[in-house]
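Residue-level listing of the chains:
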2 protein chains.
Amino acid sequence: MENKELKVTARCPIRTTSDLLSGKWKLLILYQLAPKALRPSQLKRLIPDISEKMLNQELKTLCDSGLVVRYNYGEVPPKVHYELSAIGYKTMPIIAEMQSFAMAYEEEIKTN
Amino acid sequence: MENKELKVTARCPIRTTSDLLSGKWKLLILYQLAPKALRPSQLKRLIPDISEKMLNQELKTLCDSGLVVRYNYGEVPPKVHYELSAIGYKTMPIIAEMQSFAMAYEEEIKTN
């Protein structure tokens, strides 16, 4: 007999997305890249408490998973910027829901 | 002069929500509790690869942050169940967006 309840196993959409966006920084980076492409130094300025090492590491992971695209101007000294890919842009509705949830949550805490 | 760009600092809605839902398990637990209240053993069955220790730890964190409510029947031996709070239920749109993102992402990977 088949179990009709949906079990949450290694292959599940919630987990796919959690894994892609895991950690403290990826969502913040995606959010900052949404309005326009940015150079690493601009990103660092917008997310002041990320270390340079962590920023580079997270950008690499985001590029590897295809959410962000690295653009190299081919100049010396090297000049690069990062931008959202089409699929990276599709994380924006998640972020929007997270923002409205945070507002509802803070309202809830205040009134309790 | 005020900086018009939104900096992402410690107090930011994306981070508030990320922190509340951090880690591998909280979203999965919330998702499983959405249709109905569940006992710990039922949750364990629906999320087979979580350890009992981790499940209890995550449930405690979710209760502490007010997303989940622990209901104690006051019986001996102790019988409890967990259910979503009203604010916990408001995480569902985030999960729905994560699910549709995962589907778009897997489609994208397949076609590239």
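Residues numbered from 1 in each chain as written. Chains lettered and ligands numbered in written order. Predicted model: local features only at pLDDT ≥ 70, side-chain atom pairs only at ≥ 80, totals over all residues. Heavy atoms only, no water.

The helix and strand tally for chain A stands at six helices and two strands. The globule rule puts the C-alpha radius of gyration for 112 residues at 13 Å, and the 17 Å found for chain A is more than 25% above it. For chain A, buried positions account for 40% of its 112 residues. Nonlocal contacts in chain A, meaning residues at least 24 apart in sequence, comprise 46% of its contacts between residues at least 6 apart. For chain A, the exposed surface amounts to about 6500 Å²; the carbon and sulfur share of it is 55%. (Helix = DSSP H or I, 4+ residues; strand = E, 2+ residues; numbered from the N terminus. Rg over C-alpha atoms; globule rule 2.2 N^0.38 Å. Buried < 20%, exposed > 50% of the residue type's maximum accessible area, 1.4 Å probe, protein only. Contact = heavy atoms within 4.5 Å. Areas by Shrake-Rupley, 256 points an atom, 1.4 Å probe, with all protein chains shown as cover.)

With that settled, consider the interface of chain A and chain B. Counting residues at the interface gives 41 residues for chain A, matched by 41 residues for chain B. For the pair chain A and chain B, the summed buried surface comes to about 4100 Å²; carbon and sulfur atoms form 69% of the total. At the boundary of chain A with chain B, the tally comes to two salt bridges. Put simply, D49 of chain B and R15 of chain A hold a salt bridge, and the shortest N to O gap is 2.9 Å. Counting only elements with at least two residues in the side of chain A that touches chain B, the list comes to α1 (13–20), α2 (26–33), α3 (40–46) and α6 (92–111) of chain A. By residue number, the principal contributor to the side of chain A that touches chain B is α6 of chain A, which donates twelve residues. Here the residues of the side of chain A that touches chain B are counted per class, giving 23 nonpolar, seven polar and eleven charged. (Buried area = accessible area lost by both parts, 1.4 Å probe. Salt bridge = Lys/Arg side-chain N within 4 Å of Asp/Glu carboxyl O. Nonpolar A, V, L, I, M, F, W, Y, C, P; charged D, E, K, R; others polar.)

Bringing the relation of the copies chain A and chain B into the picture now. Of the transformation superimposing chain A on chain B, the axial component is 0.0 Å and the angular component is 180°, with the fit at an RMSD of 0.0 Å. Expressed as a symmetry operation, the mapping of one chain copy onto the other fits a two-fold axis. Considering only C-alpha atoms, the residue of chain A closest to the rotation axis is I94 of chain A, which sits at 2.8 Å. (Least-squares fit on C-alpha atoms with pLDDT ≥ 70 in both.)

Any two packed helices are characterised by how steeply their axes cross, that is the angle between the axes, and by the distance between the axes. The geometry of α6 of chain A relative to helix α6 (residues 92–111) of chain B is characterised by a closest axis approach of 9 Å and an angle of 170° between their N-to-C directions. As far as their axial angle goes, α6 of chain B and α6 of chain A are roughly antiparallel. Contacts between α6 of chain A and α6 of chain B involve P93, I94, E97, M98 and F101 of chain A on the former and, on the latter, P93, I94, E97, M98 and F101 of chain B. Partitioning the contact of α6 of chain A with α6 of chain B into residue classes produces eight nonpolar, no polar and two charged. (Axes fitted to C-alpha atoms, helices over the stretch in contact; angles between N-to-C directions. Parallel < 35°, antiparallel > 145°, perpendicular 65-115°, else oblique.)

This paragraph deals with the confidence of the model for chain A. Of all residues in chain A, 91% attain a pLDDT of 70 or more, and the chain-wide mean is 91. For this predicted complex, the interface score ipTM comes out at 0.88, while the overall pTM is 0.88. (pLDDT = per-residue confidence, 0-100.)

A separate point is the side chain of S65 of chain A. Relative to the helices and strands, S65 of chain A is located in the loop between α4 (52–64) and β1 (68–72). Take S65 of chain A: its relative accessible area is 16%, and that puts it in the buried class. If we skip the residues at most four places from it in the chain, S65 of chain A touches L20 of chain A together with Y105 of chain B.

Time to look at the packing of aromatic side chains. Think of a pair of aromatic rings as described by two things: how far the centres are apart, and how the planes are tilted against each other in angle. Residue and element names in this part refer to chain A. On inspection of all chains with the given rule, the structure shows four aromatic pairs over all chains. Ring geometry for Y71 and Y73: centres 5.2 Å apart, planes at 90°, overall edge-to-face. Using a relative accessible area of 43% as the deciding quantity, one classes Y71 as partly exposed. K79 extends its terminal NZ or CZ atom over the ring of Y73, reaching a point 4.5 Å from the ring centre. (Phe/Tyr/Trp six-rings, centres within 6.5 Å; stacked < 30°, edge-to-face > 60°. Lys NZ or Arg CZ within 6 Å of the ring centre and 35° of its normal.)

Along helix α1 (residues 13–20) of chain B, six of the eight residues are buried, which leaves the element largely enclosed by surrounding structure. Those residues of α1 of chain B that are buried lie in contact with α2 and α6 of chain A together with α2 (26–33) and α6 of chain B.

As a further point, take the nonpolar core. With 60 residues, the main nonpolar core has I29, L30 and L67 of chain A together with I29, L30 and L67 of chain B as its most contacted residues. Excluding residues that lie within four positions of it along the chain, I29 of chain A makes contacts with L43, I47, I50, L55, E58, L59 and L62 of chain A. (Core = buried A, V, L, I, M, F, W, Y, C linked by side-chain atoms within 4.5 Å.)

Looking at where R11 of chain A falls in the secondary structure, it is placed in the segment before α1. Residues R11 of chain A and F101 of chain A, 90 residues apart in the sequence, show an inter-C-alpha distance of 26 Å.

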